[in-house]
Structure formats: C-alpha cells, structure tokens
Amino acid sequence: MANGNSREYVVIIGGGRRGAAILETLKGDEEVKIVGVLDVNEDTPGIKLAKRLNIPTDVDFVGFIKKRKRIDVVFNATGERYIDEKIKQLRPEIEIISGLSLKLVWGLIAEREKAIALQRDLYRNTIGILTSKMESKNVWAHGHPEKVTEYATLTGQRMGLLPKELEIIKCAGILHDVGKLGINDEILLKTERLTQEEYQIIKEHPVESESIVKSMEFLYTVLAAIRHHHERYDGMGYPDGLKGEGVPLIARILAVADSFCAMTSHRPYCREKTMDEVLEEIKRCSGTQFDPEVVKVFENIIKERFFESDIK
Ligand SMILES: [Fe+2]
Ligand SMILES: [Fe+2]
C-alpha cells in the first residue's frame, strides 16, 4: 500500500489466535505498523506468526504508544474497549478507529490516502499559483516565505510540536505575507521612512493574507497563525494586540523566524547585519516583541547553524 507521505498508521491486534488469523490476511505490502498486545507472551500464535512474517511487534502497547513519536491513526482490531480508553488517555491527539475487521481497515486506509493525496494536489496547485505570484513581486525575490518556513519548522520541531502543528507551520510560513500581493510596490519597496498612512496599509497585510487563505476551506487550520504573525508578546503588535500566550504559539514562532529572515536578507538600502548583531537584536526583543521560550530555542538553532565551528 503506498504510504509515501509518511503518515503513521498503527494496527493493534491481539497476540493470540485471532491476531494470527488477521496476520494471515496480510498481502505483504502494507506499510502499517502492527502491534501485538494484551495478555500474551512472546510464544502466542499471533506474535509467533508476526515474527515469521518479519512484522515488527510490540507486546507492550502502552509503552509503544507513549514512545512512538508520530502516530496518526490507531486501528484497534482487538475490539477491546479498554485499549481505546488507554490510548485516549495517553495521547488524546491520536485518532482511534475501533472494532473493524482488518480487511475493512486496509480499505479505509487506502481511501484516506486517496483523499489526502487529492487534497494535497489541490493544496500544491494553490500554493504554486500564489508563490509564483509572490515571486513576481520583488519583495519576495529572496525566497522569504521558504526561509521563514524553514526556520519556523526547525523551531517547532525543537519545541516538540505535533506533526499536524508542523504542517500548519509549513503552510502558514509560505502564506503569511500573501496579503502583500495587494500592496503597491512603491510602498513595499520604499527605502525611505514610511508615512503614517503607508504604514497603516502595510499593517493590513496579515488580515489580507487571512482573507485570501480563508477562501480555501481546507486551509482553515492555518488562519490564526497567519492573522497573528505580527502580534507582539507585550501586546503592542497588530492586528488585534493579543498578548503573551494569547498569541497562538505558531504565530509566536513565525514572528521570530520572520524577523530573523527579514534582518538577514539582503536589502539594498541597509547595511547587512552580521549574524552576531541579528542574534543580539532578537535576544534584546525577548519578552517584549518575542516569546522568551521561542527565543531560547531559536537562539540555539542559530548558534548551532552559524557558530558551531567557533564553539568547537
Ligand atoms: Fe508579515
Ligand atoms: Fe514575512
């Protein structure tokens, strides 16, 4: 079964006869993690067969569910309700589908993969159109959305965000400034100080970005991050003046990555800052403009990336 997008499906089966019967129905090309569980030991028929078929098993399902970093869906083919309850308790973010025969489970996984692939195509096309439009505006000539996405994703990973949150970062990183498409180049590329009125126009871009993305229903999860990427930790940002943890975490991460990328990109009218100066500036704004927790993680990433050889 094609599972190229690395979604993680876990199928829990009993390690006894019923589990063995389920394993006998496997075609051998399933990219699904099978977990043998329950009150069985290594010698029960299901586990034995799994070993013969080279299917990774884990009799300790609680440990497995706790340890495994990414799991999208658990199919509980044992029909045991307490397993559902336990997983819900341990990892509430995991979707659980229970009590289906394995044949149905395979069918369902295939259907889901198809639906996801369709959605992804739609998403890629849309993003493709928008980014090519953005690139045609000089202001994005240096791959700003991609850079913001890269640094924000690294930060999110270090902060232990869930896979679906990292997906949101990717999408919001690419689209956060799409609202600037409607702003006149004269304002966007102006090298002198902006007038009050011009600044007001610039400040509208997060809301503009949000309303463009809003028209794509399947992207609704990224709206908040886009709208709030210029909020400040001290509440002095825009558009809503949200404060502290009231600013969505992903928006707080984007804010740091966004400023970093803006400061390190080549701007003809500014002297390029050294990496030391950029890092100092970010740290100086910790607690006022930026979330201190995010800055801490971000600082480490930058040090590792740009100063590692100095440290050694
Ligand atoms: Fe922005
Ligand atoms: Fe930006």
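None of these values were measured; they are calculated from a predicted model. (Residues numbered from 1 in each chain as written. Chains lettered and ligands numbered in written order. Predicted model: local features only at pLDDT ≥ 70, side-chain atom pairs only at ≥ 80, totals over all residues.)

A. Molecular detail of the environment of Met236. In this structure, Met236 sits in the loop between α11 (223-227) and α12 (249-264). A tally of 11 C-beta atoms within 10 Å means that Met236 is categorised as exposed. Sequence-wise, Met236 and Gln289 are 53 residues apart; in three dimensions their C-alpha atoms are separated by 7.9 Å. (Helix = DSSP H or I, 4+ residues; strand = E, 2+ residues; numbered from the N terminus. Buried ≥ 20, exposed ≤ 12 C-beta atoms within 10 Å, placed from the backbone.)

B. Fine view of unusual backbone geometry. For the bond running from Tyr238 to Pro239, omega is 10 degrees, close enough to zero to count as cis. Within the secondary structure, Pro239 is located in the loop between α11 and α12.

C. Focus on the pairing of strand β4 (residues 95-98). Of the pairings in the sheet, the one linking strand β3 (residues 73-76) to β4 comprises four bridges and is parallel in character. By the bridge assignment, Phe75 is partnered in β4 with Ile97. Running through helix α4 (residues 81-90), the crossover from β3 to the neighbouring parallel element β4 is right-handed. (Pairing = 2+ DSSP bridges. Right-handed = clockwise from strand over helix to strand, strands pointing away.)

D. Seen up close, the environment of His228. Following the sequence through the fold, His228 ends up in the loop between α11 and α12. Overall, the presence of 25 C-beta atoms within 10 Å leaves His228 in the buried class. Setting aside its immediate chain neighbours within four residues, His228 contacts Asp240, Leu242, Val247, Pro248 and Ala251. (Contact = placed C-beta atoms within 7 Å.)

E. Quick peek at the packing of helix α1 (residues 17-24) against helix α2 (residues 45-52). As a packed pair, α1 and α2 sit with axes 6 Å apart at the nearest point and diverge in direction by 30 degrees. Relative to α2, the element α1 lies roughly parallel. Contacts between α1 and α2 involve Arg17, Gly19, Ala20 and Leu23 on the former and, on the latter, Pro45, Gly46, Leu49 and Ala50. Among the residues making up the contact of α1 with α2, the classes are represented as five nonpolar, two polar and one charged. (Axes fitted to C-alpha atoms, helices over the stretch in contact; angles between N-to-C directions. Parallel < 35°, antiparallel > 145°, perpendicular 65-115°, else oblique. Nonpolar A, V, L, I, M, F, W, Y, C, P; charged D, E, K, R; others polar.)

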